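# Residue-level structure breakdown
Each chain is listed here by its residues.
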Amino acid sequence: MGSPPDTSKTIKLERYNSYVRRIQSTKLLNASSKLIFRTTLLIALVLVLFFTINYPPLSDRLHRHSFLSTGFFSSSRFPTSSAIGGPNWEKQVRHSSTPRRPNGFSILVTGAAGFIGSHCSIALKKRGDGVLGLDNFNSYYDPSLKRSRQKMLLKNQVFIVDGDLNDAVLLAKLFDVVPFSHILHLAAQAGVRYAMQNPQSYVSSNIAGFINLLEIAKSANPQPAIVWASSSSVYGLNDKVPFSELHRTDRPASLYAATKKAGEEIAHTYNHIYGLSLTGLRFFTVYGPWGRPDMAYFFFTKDILQGKSIDVYQTQEGKQVARDFTYIDDVVKGCVGALDTAEKSTGSGGKKKKPAQLRVYNLGNTSPVPVGQLVSILESLLGKKAKKHVVGMPRNGDVPFTHANVSLAYRDFGYKPSTDLASGLRKFVKWYSGYYGVETRVKKEIQGAGEVPEGGSA
Ligand SMILES: O=C(O)[C@H]1O[C@H](OP(=O)(O)OP(=O)(O)OC[C@H]2O[C@@H](n3ccc(=O)[nH]c3=O)[C@H](O)[C@@H]2O)[C@H](O)[C@@H](O)[C@H]1O
């Protein structure tokens, strides 16, 4: 029998091999943890860099009062990740405000998601001006309508900055990025009767906001020329007709009217001290497609269709209340005419060099219509009778009638309203039917004729 085999060498070899395997797996583990650590660090760095550039919004970084971009932008041209103040945002601001025609304007339109603001923005953009919008999308009336207008503007390559007139940091930033030649200032707290419910909102938008904008404009270089929305309501208790720019406007009947009249006086001051070119437009009850749901023609339409009763006001003496209802397309032509004839501001670096232009114009229809007749026209266009409730006009700021003399606007920029109330309301009802998807006589007629309702795709 031979001696047992010597296994001690084999055992040693196995132990050695297992030792080497352990070392190798530890090394592998170390290498992969290092890789994971480095990758995490890199991702963290990229994220920190991204948020430093894009977030929080500019004004949050510079002061605590915040406005947030809602990232609502749906157009492929203006992607959703455009926080205010970031490079992507600046690119959109520049692109939107760059004119596409020789000697075109670069215009900041405040209240661009509003009724008159959205129509004017599109008209100006279509003729080749650069247009940048500003709007705070407040909820005075259904903000979804403002968002729909915003979508329509995006389709027309107009970008709206989501921000407030009272945000001085934002306004200063906009003027840093763009040397605006003009401002069309239409942002305001509108509505005559709402002023009794929320007086402070009128002070905040129509006075403080306006002054904030003027402060930025007077310091800008070049100073822009400014065209802005005043109101027919400044005539207040004036009873001379038709209303002329030469008539008294020192008896406003509502706080809304008082803030618009204050705006006209404030405009005088900034023109006088700083040489800003300023043109105030007194709008007379403007109506039409994409209009304001707080206005009588709009909510009468809704209530009539829903079978609800409507209050039709009459004066305390039992007379009909009347308005010089003015169609939106006519008003847009007036705004464009005022911009085209606005002279340059004369100041620079906050100092006036010589006297500058200061103007006020009526933009009305020159043909007042009693509210009862407005209701009859709507009944016929909707194909439905209204449940009318005739009541005395509440003492809440309303005036019994308005009637514009527009000879000054005609003389200076050829303003000539051409749409009567029945034709204008027909266009409004056509839009309303398409936008809200409701049946009306107008809709049946246009479908019968093979037309597509306006606003149906918004
Ligand atoms: O030109 C302006 O500067 C203003 O025009 C608009 O004010 P107004 O002319 O008062 O329009 P709007 O409310 O549509 O009432 C229309 C008519 O219906 C009567 N009216 C109103 C409500 C009601 O329930 N019943 C009624 O008969 C009412 O008595 C009136 O006769 C803008 O809203 C305002 O922001 C401002 O721009």
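If you're wondering where the values come from, they're calculated on a predicted model, not measured in any experiment. Per-chain numbering applies: the sequence of each chain, read as written, is numbered from 1 onward. This being a predicted model, a pLDDT of at least 70 is required before a residue's local features are given, and a value of 80 or more before pairs of side-chain atoms are given or counted; all residues contribute to the totals for chains, interfaces and linings. Think of the side-chain values as coming from all heavy atoms in the structure, minus any hydrogens and water.

### Side note on the packing of aromatic side chains
Side-chain rings of Phe, Tyr and Trp (the six-membered ring for Trp) are treated as a pair once their centres are within 6.5 Å; stacked means planes under 30 degrees apart, edge-to-face means over 60, and tilted covers the remaining angles. Tallied over the entire structure, the rule returns 31 aromatic pairs. When the centroid spacing of 4.8 Å and the interplanar angle of 80° are considered together, the rings of Tyr-361 and Phe-413 count as edge-to-face. Of the two residues, Tyr-361 is situated in strand 11 (residues 358-363) and Phe-413 in helix 12 (residues 407-413); the sequence distance between them amounts to 52 residues. An identical accessibility class is assigned to Tyr-361 and Phe-413; each is buried. Taken together, the ring pairs in this structure connect Tyr-287, Trp-290, Tyr-297, Phe-298, Phe-325, Tyr-327, Phe-428, Trp-431, Tyr-432, Tyr-435 and Tyr-436 into an aromatic cluster. One residue, Arg-101, lies across the ring of Phe-105, its end atom 5.5 Å from the ring centre. For a lysine, the NZ atom is tested; for an arginine, the CZ atom; a charge sits over a ring if that atom is within 6 Å of the ring centre and within 35 degrees of the ring normal. The ring of Phe-137 carries Arg-147 above its face, with NZ or CZ at 3.6 Å from the centroid. Think of it this way: any DSSP run of H or I at least four residues long counts as a helix, any run of E at least two long counts as a strand, and we number them from the N terminus. Burial classification: accessible surface area is computed with a 1.4 Å probe over protein chains only, and a residue below 20% of its type maximum counts as buried, one above 50% as exposed, and the rest as partly exposed.

### Some details on the sheet that holds strand 1 (residues 106-110)
Taking strand neighbours across the sheet as the criterion, the seven strands line up as 3-2-1-4-5-6-11 in an open arrangement whose pairing is parallel. The outermost strands of the open sheet, each flanked by one partner alone, are strand 3 (159-162) and strand 11. The sheet shows a mean angle of 20° between the axes of neighbouring strands, direction not considered. Strands pair, by our definition, only if DSSP identifies at least two bridges between them. Here four bridges tie strand 2 (residues 130-135) to strand 3, and the two strands are oriented parallel to one another. For every element, the axis is a line fit to its C-alpha atoms; helices are fit only across the contacting stretch, and the angle between N-to-C directions ranges from 0 to 180 degrees.

### Digging into empty space enclosed by the protein
Think of a 1 Å grid over just the protein atoms. A cavity is a set of points where a 1.4 Å probe fits yet cannot get out, a pocket is an open set with protein on both sides within 12 Å along at least five of seven lines, and lining residues have an atom within 4 Å of a point. Grid points are joined across faces, edges and corners, and a volume is the space filled by probe spheres set on the points. Under the defined criterion, the tally for this structure stands at one cavity of 30 Å³ or more. Each pocket or cavity is described by its volume, and for the largest cavity that value is around 60 Å³. As for the largest cavity, its lining consists of His-185, Leu-186, Ala-187, Ala-188, Asn-206, Phe-210, Trp-228, Ala-229 and Lys-260. For the lining of the largest cavity, the elements supplying multiple residues, two or more each, are helix 7 (199-219) and strand 5 (225-231). Partitioning the lining of the largest cavity into residue classes produces six nonpolar, two polar and one charged. Lys, Arg, Asp and Glu make up the charged group, whereas Ala, Val, Leu, Ile, Met, Phe, Trp, Tyr, Cys and Pro make up the nonpolar group; the residues left over, Gly among them, are polar.

### Re the pattern of salt bridges
When a carboxyl oxygen of Asp or Glu is within 4 Å of a side-chain nitrogen of Lys or Arg, the pair counts as a salt bridge. Tallied over the full model, the rule gives 18 salt bridges. Here Glu-90 makes a salt bridge to Arg-94, at a shortest N to O gap of 3.5 Å. Within this pair, Glu-90 and its partner Arg-94 are both found in helix 3 (residues 87-97), separated by four residues, close to a single helical turn. On the basis of relative accessible area, Glu-90 is assigned to the buried category, the value being 18%.

### Examining the environment of Gln-92
Mapped onto the fold, Gln-92 is located in helix 3. Through-space distance from the C-alpha of Gln-92 to that of Leu-132 is 9.2 Å; in sequence the pair is 40 residues apart.

### Side note on the site of the ligand
In the vicinity of the ligand lie 23 residues, with Arg-193, Ser-231, Ser-232, Ala-296 and Arg-323 positioned nearest. For the purposes of these results, a polar contact is taken to be a pair of N or O atoms within 3.5 Å, where, inside protein, one atom must be able to donate a hydrogen and its partner to accept one; residues adjacent in sequence count only when each atom of the pair is a side-chain atom. Separating an oxygen atom of the ligand from a backbone N or O atom of Ala-296 is a distance of 2.8 Å. Arg-323 is positioned with one of its side-chain polar atoms (N or O) 2.7 Å from an oxygen atom of the ligand. Coverage of the ligand by the protein amounts to 95% of the 690 Å² it exposes when considered alone. Here the shell around the ligand is composed, by residue class, of 13 nonpolar, five polar and five charged. For this description, a residue counts as near a given molecule or strand if any of its non-hydrogen atoms is within 4 Å of it. For the accessible areas, the method is Shrake-Rupley and the probe is 1.4 Å, while residue cover comes only from the protein chains on display.

Taken by themselves, the reported measurements are silent on function.
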